[in-house]
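Each chain, letter by letter, is given below.
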Amino acid sequence: MVSLSKSLFAGCVVLAALAAYGYVRSLWGATAGVLAALVYTYLPYHLADAYTRGALPEHMAFIFPPLILWAYSAAFRRDEWRTPLLWGTLAWAGLVFTHNLTMLLMALAAIPHLLLLAAWSRRWRRLLWAGLSLLLAMGLSAGYWLPVLAESGAVGIGVGPSQGFVDHLLGLGDLLVGKLVYPYRAAAGLALVYPLSWLAPLLLVAGLAALVRRRAAAHLTDAPMESVSKKSTRIDTDGHGFIRSKSAASAGRPLDAASLFSSLSVPPDMGPDAKK
């Protein structure tokens, strides 16, 4: 039994890492996928579930959020959207069966995620199909949540929500751990809280810097070629050195920092010019 439990925990780590890798790789390439998998795997709370809390259901639930984001991103980015939505439905159902509290937290992130995808891709009608896939997921997982709703009054949850969550709320000064080695409570006698390691924001800043540099290089190399091929216009610069596109139909518009910033988080095959 002990060996089986260890195998389950190890398998969940591998599957969660692969899910994070696949999702981010589909957007920004293999290098970004590897970085995302490392960050996701070594989140302090993720490791605490396995090594200090032994919370197998919650640890297993880490597999499904990247799969959900991956599926719905693909549904809005690709012309063929039915298959990704089906995979998203199955991922949602799996998350409900695995850990209901993680499902509630994921719902808070999924709604703005879908709205951003629709805004970037201009495929607003697919929001309806995404909503229907969520309803289908609820139907597939009804064997779990219908009895929970029907019988919740017979268990402790019927008394009402506890105030235990208050102990998990951190102040701004406690959100990050400044120590080089993360102090897990089992080894350091700390309270039941898991703030972020200092490595998380460092990797975030490094990733954003690399993304800005990549987008800037893409604008400098691709913008003149796109202007020539699509508009048959000539490329000129204004007095400040900005690249300016001139045509008979519209006045020149510099490719300034604002237009660069607006495209930082948009994958290459999304945006106003994506196929409907």
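What counts, and where the lines are drawn
All residue numbers refer to positions counted from 1 along the written sequence of the respective chain. Whole-chain, interface and lining totals are the exception, using all residues; otherwise, since this is a predicted model, local features are given only for residues with pLDDT of at least 70 and side-chain atom pairs are given and counted only at 80 or more. The side-chain numbers reported here are obtained from all heavy atoms of the structure, hydrogens and water having been left aside. The way it works is that DSSP assigns letters per residue, a run of H or I at least four long becomes a helix, a run of E at least two long becomes a strand, and they are numbered from the N terminus. Residue contacts are defined here by distance: any two heavy atoms, one from each residue, within 4.5 Å place the two residues in contact. Accessibility throughout is a Shrake-Rupley quantity obtained with a 1.4 Å probe, and a residue counts as covered only by protein chains that appear here. Salt bridge, as used here, is a side-chain nitrogen of Lys or Arg placed within 4 Å of a carboxyl oxygen of Asp or Glu. For each residue, the accessible area found with a 1.4 Å probe, counting protein chains only, is set against the maximum for its type, and the residue is called buried under 20%, exposed over 50%, and partly exposed in between. Every helix has an expected span of 1.5 Å times one less than the residues it contains. Across the chain, bend at a residue is computed as the angle between axes fitted to the seven residues ending at that point and the seven starting from it. Lines fitted to C-alpha atoms define the axes here, with helix axes fitted over just the stretch in contact, and angles between the N-to-C directions of these axes take values from 0 to 180 degrees. We call two directions roughly parallel when the angle between them is under 35 degrees, roughly antiparallel when it is over 145, roughly perpendicular when it lies between 65 and 115, and oblique otherwise. Crossing handedness: left-handed means the near helix sits turned counterclockwise from the far one by under a right angle, and right-handed means the same turn made clockwise. In this classification, Asp, Glu, Lys and Arg are treated as charged, Ala, Val, Leu, Ile, Met, Phe, Trp, Tyr, Cys and Pro as nonpolar, and every other residue, Gly included, as polar. In this analysis, rings of Phe, Tyr and Trp, with Trp reduced to its six-membered ring, are considered paired at centre separations within 6.5 Å, and the interplanar angle assigns stacked below 30 degrees, edge-to-face beyond 60, and tilted for intermediate values. Think of it this way: Lys and Arg go in the positive column, Asp and Glu in the negative one, and His and the chain ends go nowhere. In protein, a polar contact requires one atom able to donate a hydrogen and another able to accept it; more generally it is a pair of N or O atoms within 3.5 Å, and residues adjacent in sequence count only if both atoms are side-chain atoms. Along the arc lie the directions from the helix axis toward the C-beta atoms. The patches reported here contain residues having more than 30% relative accessible area and no salt bridge. Joining distances are 9 Å for like charges and 5 Å for nonpolar side chains (Val, Leu, Ile, Met, Phe, Trp, Tyr).

Below, the discussion takes up the overall build of the protein. Secondary structure assignment for the protein yields 12 helices and five strands. Looking at the protein alone, contacts between residues at least 24 apart form 57% of all its contacts between residues at least 6 apart. For the protein, the exposed surface amounts to about 17300 Å²; the carbon and sulfur share of it is 69%.

Enumeration over the complete set of coordinates arrives at three salt bridges. When the shortest N-O distance is used, the salt bridge between Asp49 and Arg53 registers 2.5 Å. By relative accessible area, which is 34% here, Arg53 ends up partly exposed. In this structure, Arg53 and Glu58 form a salt bridge, with 2.7 Å as the shortest nitrogen-oxygen distance. The exposure class assigned to Glu58 is buried, which follows from its relative accessible area of 13%. Here the salt bridges do not stand alone but share partners, grouping Asp49, Arg53 and Glu58 into one network.

Let us now look at helix H7 (residues 100–121). The α-helix advances 3.6 residues per turn, and as a result positions three or four apart in sequence lie on the same side. End to end, H7 covers 31 Å across 22 residues, agreeing with the expected 32 Å (1.5 Å per residue, within 8%). Bending of H7 peaks at approximately 25 degrees at the position of Ala107. Thr102, Met106, Ala110, His113, Leu114, Leu117, Ala118 and Ser121 are the residues of H7 that are buried. Those residues of H7 that are buried lie in contact with helix H1 (2–28), helix H4 (56–61), helix H5 (64–77), helix H6 (82–98) and helix H8 (126–140).

It is at 8 Å that the axes of H5 and H6 come closest, and there the two elements cross at 160 degrees. Here H5 lies roughly antiparallel to H6, going by the angle between them. In this structure, H5 meets H6 at a crossing whose hand is left-handed. Each of Phe64, Leu67, Ile68, Ala71, Tyr72, Ala74 and Ala75 in H5 lies in contact with H6, whose residues at this interface are Pro84, Leu85, Trp87, Gly88, Thr89, Ala91, Trp92, Gly94, Leu95 and Thr98. Taken together, the residues that form the contact of H5 with H6 break down as 13 nonpolar, four polar and no charged.

This next bit is on the packing of H6 against H7. Viewed as axis vectors pointing N to C, H6 and H7 meet at an angle of 140 degrees, and their least axial separation amounts to 6 Å. By the angle class used here, H6 and H7 are oblique. Touching Trp92, Leu95, Val96 and Thr98 of H6 are Asn100, Thr102, Met103, Met106, Ala107 and Ala110, all from H7.

All right, on to the environment of Ile63 then. On the secondary structure map, Ile63 appears in the loop between H4 and H5. Judged by relative accessible area, which is 10%, Ile63 ranks as buried. For the pair Ile63 and Leu95, spaced 32 residues apart in sequence, the C-alpha separation works out to 8.4 Å. The residues contacting Ile63, other than those within four sequence positions of it, are Cys12, Leu15, Ala16 and Ala19.

This part covers the packing of aromatic side chains. Going through the model one piece at a time under the given rule, you end up with two aromatic pairs. Ring geometry for Trp81 versus Trp129: centroids 5.1 Å apart, planes at 35 degrees, classification tilted. Here the residue Trp81 occupies a position in the loop between H5 and H6, and Trp129 occupies one in helix H8, the gap between them amounting to 48 residues. Looking at Trp81, the relative accessible area reads 13%, which means it is buried. Given the relative accessible area of 41%, Trp129 is considered partly exposed.

The next point concerns the side chain of Arg126. Tracing the backbone shows Arg126 in helix H8. Of the side chains bearing the opposite charge, Asp79 lies closest to the buried Arg126, which forms no salt bridge; the N-O distance is 5.0 Å. Polar side-chain contacts of Arg126 include one of 2.6 Å to the backbone oxygen of Arg78. If we skip the residues at most four places from it in the chain, Arg126 touches Ala75, Phe76, Arg78, Asp79 and Trp81.

An ideal rise of 1.5 Å per residue puts 16 Å on 12 residues; helix H2 (residues 30–41) measures up with 16 Å between its terminal C-alpha atoms. For H2, the complete set of buried residues consists of Gly33, Ala36, Ala37, Tyr40 and Thr41. Along H2, the residues classed as buried sweep out an arc of 125 degrees about the axis, all on the same side. In this structure, the buried side of H2 is in contact with H1, helix H3 (44–51) and H5.

Let us look at a nonpolar patch on the surface. Among the surface-exposed residues, Leu86, Trp87, Leu90, Leu136 and Leu140 lie close enough to one another that they form a single nonpolar patch of about 520 Å² accessible area. Elements with a minimum of two residues in the nonpolar patch: H6 and H8. The leading source of residues in the nonpolar patch is H6, at three residues. Structurally, Leu140 can be placed in helix H8.

Function-wise, these values are silent; they only describe arrangement.
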